[in-house]
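Below, each chain spelled out in residue letters.
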Amino acid sequence: MNTPPNVLWILADQHHARCMGHMGHPNARTPNLDRMAADGVRFANAISQNPICTPSRVSFISGQYCHNHGHYGLCGPKPAIPTLFGHFRRAGYTTAAIGKIHCPEYWVEDDCDVFHETAGCSIGGRSQEYSDFLKNRGKEEDHGAMSEFGDRGRQSMEGRPSALTFEESQEGWIAGKTIETIKAAQAAGKPFFVHASLPRPHQCTSPSQEFWDLFDGEELVLPANAEGYDMSGKAPNLRRTAENWRKGDWALIEPKTFEAARLRKLRGYLAAIAQVDHAVGLMLDHLKAAGLDENTIVVYGSDHGDYATEHGIMEKAPGISSDAITRIPFIWRAKGRFASGHVAQEIVEAVDMGATLSRLCGLDDLETSDGQDVSHLLTGGQGEVHRIGVTEFAWAKSVRQGKYRYVHYPRGYFPTEHPEGFGELYDLEADPWEMTNLHGDPAYKGVVDAMRLELLDWLITTTRPVSVHQVNNTPLQGPPNAQRVERYHVVTNRDGRMNPKGIATFCRERGGNYI
């Protein structure tokens, strides 16, 4: 009897896709992520569904686009959508979520055998086990605030070493608890689906001393778009944000100049990535030592990116405006199952993770997911998965297609500066640092119009309606089963919505007057 594959899903918070050694970053220290990329498959054009934490995570875990699950902020009610954890648990897996889960309360908890929220983002607060761990060592967590600066230190972008050792940090504790959970599942003879969610490199930018010290005396290389170019074509909110950062009044440590504080931020950010990388290495090493290396699918990603001093900005806002935020690292490794060292150029999205893992592990498709199976890319194959990759705000959308990235803002988004409307278009081959907005250039009007039409078609064809006339009573939606329910003469999935794949089939095969 074949043993089902295990899954270890590692998520970092706010990891810029360029900031890794195998991506050519001149200062990054990421030997373990580089090892993952060499042993597995790296997606060069992986797109986050949302540029802030909670909605992005809801998309990962549900497999749904934001316009379907409806979460665009950092709080809200428990989604009425099945989770990936529950899907694997019903298939006999031990399920666990450990770290910065940052989702609406009880949505993930109820589907996990092991649950620890270490960052205090759930309504119930931080895991008592982690709090007691720190208390017994006489320590306080400083990832949320640099408390020595009082109110000025809240969510600081400043860089300085933490008073916590790696073992005391969230990354160290999460790695240890993840290994402990994997050992328990192995002892029980059960496959596992474990999510290790690491809070860094999200600010506060306070890595443990050993990782801060990695950059002693090193000349840090600023990104090409950090300064010295004409920003007049950028979005008004990005220009304002960059101007505010350059005032330097956020600096907490001497010298308090913008230039000095920016380098401290960059050092702390890269050191925090090194800390994340070390935690990844511990988990990978345990899989190898425990003989689980060849039967465990490891996925590394991030909820969104970070400016990491690009455009003179120190964190992730304004998120829709930059490839630095909308594109994420996405590395998959399974010894002997996936191609080694393959770089897939096709556009993939965060929502694809659940659909792909379900297929690889022999589970039924999660019908409430909007994602696609990308397993053919994991074996070194090729083939388009999505015509476009979309990152959503409620009132703006970023669209990636081929070499272009287009940002659609509705009229009224910038009513003072651009009463007739505003948009962004970048050629990422010619301008990878996004310094020249082509949206207003007449030579690119055709590209803008085509991408706007792609976005319109995408919004129409991916939306999950509650009911659709003429489709409601057809067998194309399928009869009720474990994932479907019939109410009021309508067959829907368990989230109360209809799967757009069935609607598409109906349109193609039978047409209709009210579709």
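Scroll up for the structure.
Definitions and cut-offs
Residues numbered from 1 in each chain as written. Predicted model: local features only at pLDDT ≥ 70, side-chain atom pairs only at ≥ 80, totals over all residues. Heavy atoms only, no water. Patch = residues over 30% accessible without salt bridge, like charges linked within 9 Å, V, L, I, M, F, W, Y side chains within 5 Å. Areas by Shrake-Rupley, 256 points an atom, 1.4 Å probe, with all protein chains shown as cover. Salt bridge = Lys/Arg side-chain N within 4 Å of Asp/Glu carboxyl O. Helix = DSSP H or I, 4+ residues; strand = E, 2+ residues; numbered from the N terminus. Buried < 20%, exposed > 50% of the residue type's maximum accessible area, 1.4 Å probe, protein only. Pairing = 2+ DSSP bridges. Axes fitted to C-alpha atoms, helices over the stretch in contact; angles between N-to-C directions. Contact = heavy atoms within 4.5 Å. 1 Å grid on protein atoms, 1.4 Å probe; cavity = no way out; pocket = protein on both sides within 12 Å on 5 of 7 lines; lining within 4 Å. Points joined across faces, edges and corners; volume = space filled by probe spheres on them. Nonpolar A, V, L, I, M, F, W, Y, C, P; charged D, E, K, R; others polar. Parallel < 35°, antiparallel > 145°, perpendicular 65-115°, else oblique. Left-handed = near helix turned anticlockwise from the far one by under 90°.

Chemist: A description of a nonpolar patch on the surface should follow, citing residues and the corresponding values.
Modeler: A surface patch of nonpolar side chains, amounting to about 310 Å² of accessible area, comprises Leu453, Leu456 and Ile460. Inspection of the secondary structure assignment puts leucine 456 in helix H13 (residues 445–462). Its relative accessible area of 47% is what places leucine 456 among the partly exposed residues.

Chemist: Account for the sheet that holds strand S10 (residues 389–393), with residues named and values stated.
Modeler: Two modes of strand pairing occur in sheets, parallel and antiparallel, and in both the strands are linked by backbone hydrogen bonds. If you trace the 4 strands from one edge of the open sheet to the other, you get S10-S11-S12-S13, paired in antiparallel fashion. Each edge of the sheet is formed by a strand with only one pairing partner; in this case those strands are S10 and strand S13 (423–427). Recorded for the sheet is a direction-independent mean angle of 10° between the axes of neighbouring strands. Bridge count between strand S11 (residues 396–401) and strand S12 (residues 404–408): 5 bridges; the pairing is antiparallel. If you follow serine 398 over to S12, its bridge partner there is valine 407. Across the face of the sheet, H13 comes into contact with S10, S11, S12 and S13 while running at roughly 70° to S12.

Chemist: Pulling in residues and values, what's your account of the layout of surface pockets?
Modeler: By volume, the largest pocket is sized at about 510 Å³. Broken down by secondary-structure element, the contributors of at least two residues to the lining of the largest pocket are H13 and helix H14 (500–509). Grouping the amino acids of the lining of the largest pocket by side-chain chemistry returns 6 nonpolar, 7 polar and 8 charged.

Chemist: Tell me about the packing of helix H5 (residues 128–136) against helix H6 (residues 170–187), residues and numbers included.
Modeler: Where H5 contacts H6, the axes come no closer than 12 Å and their chain directions differ by 125°. The orientation of H5 with respect to H6, classified from their angle, is oblique. Of the two possible hands of crossing, H5 and H6 adopt the one that is right-handed. When H5 is examined against H6, the residues Glu129, Tyr130 and Phe133 are found in contact with a partner set consisting of Gln170, Trp173 and Lys177.

Chemist: Please provide a residue-by-residue account of the pairing of strand S15 (residues 490–493), values included.
Modeler: The alternating pattern of S15 places Val490 and Thr492 on one face and Val491 and Asn493 on the opposite face, and all of these are buried. Note that strand S14 (residues 484–487) and S15 share 4 bridges and pair antiparallel. Looking at the pairing, arginine 484 lines up with asparagine 493 of S15. Taking the residues between adjacent antiparallel strands as the criterion, S14 and S15 are bridged by 2 residues, where tyrosine 488 takes a positive phi near 55°.

Chemist: Report on the pattern of salt bridges, specifying residues and quantitative values.
Modeler: Overall, the coordinates contain 34 salt bridges when judged by the stated rule. The shortest N-O distance in the salt bridge between arginine 29 and glutamate 218 comes to 2.6 Å. Residue arginine 29 is found in the loop between strand S1 (6–13) and helix H1 (31–39), and its partner glutamate 218 is found in the loop between helix H7 (209–212) and helix H8 (236–246); the two are separated by 189 residues along the sequence. Arginine 29 sits in the partly exposed class, given a relative accessible area of 29%. Between aspartate 495 and arginine 464 there is a salt bridge, with the nearest N and O atoms lying 3.3 Å from each other. Pair noted here: aspartate 495 is in the loop between S15 and H14 and arginine 464 is in the loop between H13 and S14, with a separation of 31 residues, a long-range link. Each member of the pair, aspartate 495 as well as arginine 464, is classed as buried. Three or more residues joined by partner-sharing salt bridges are found here, namely Asp13, Arg57, Lys100 and Asp303.

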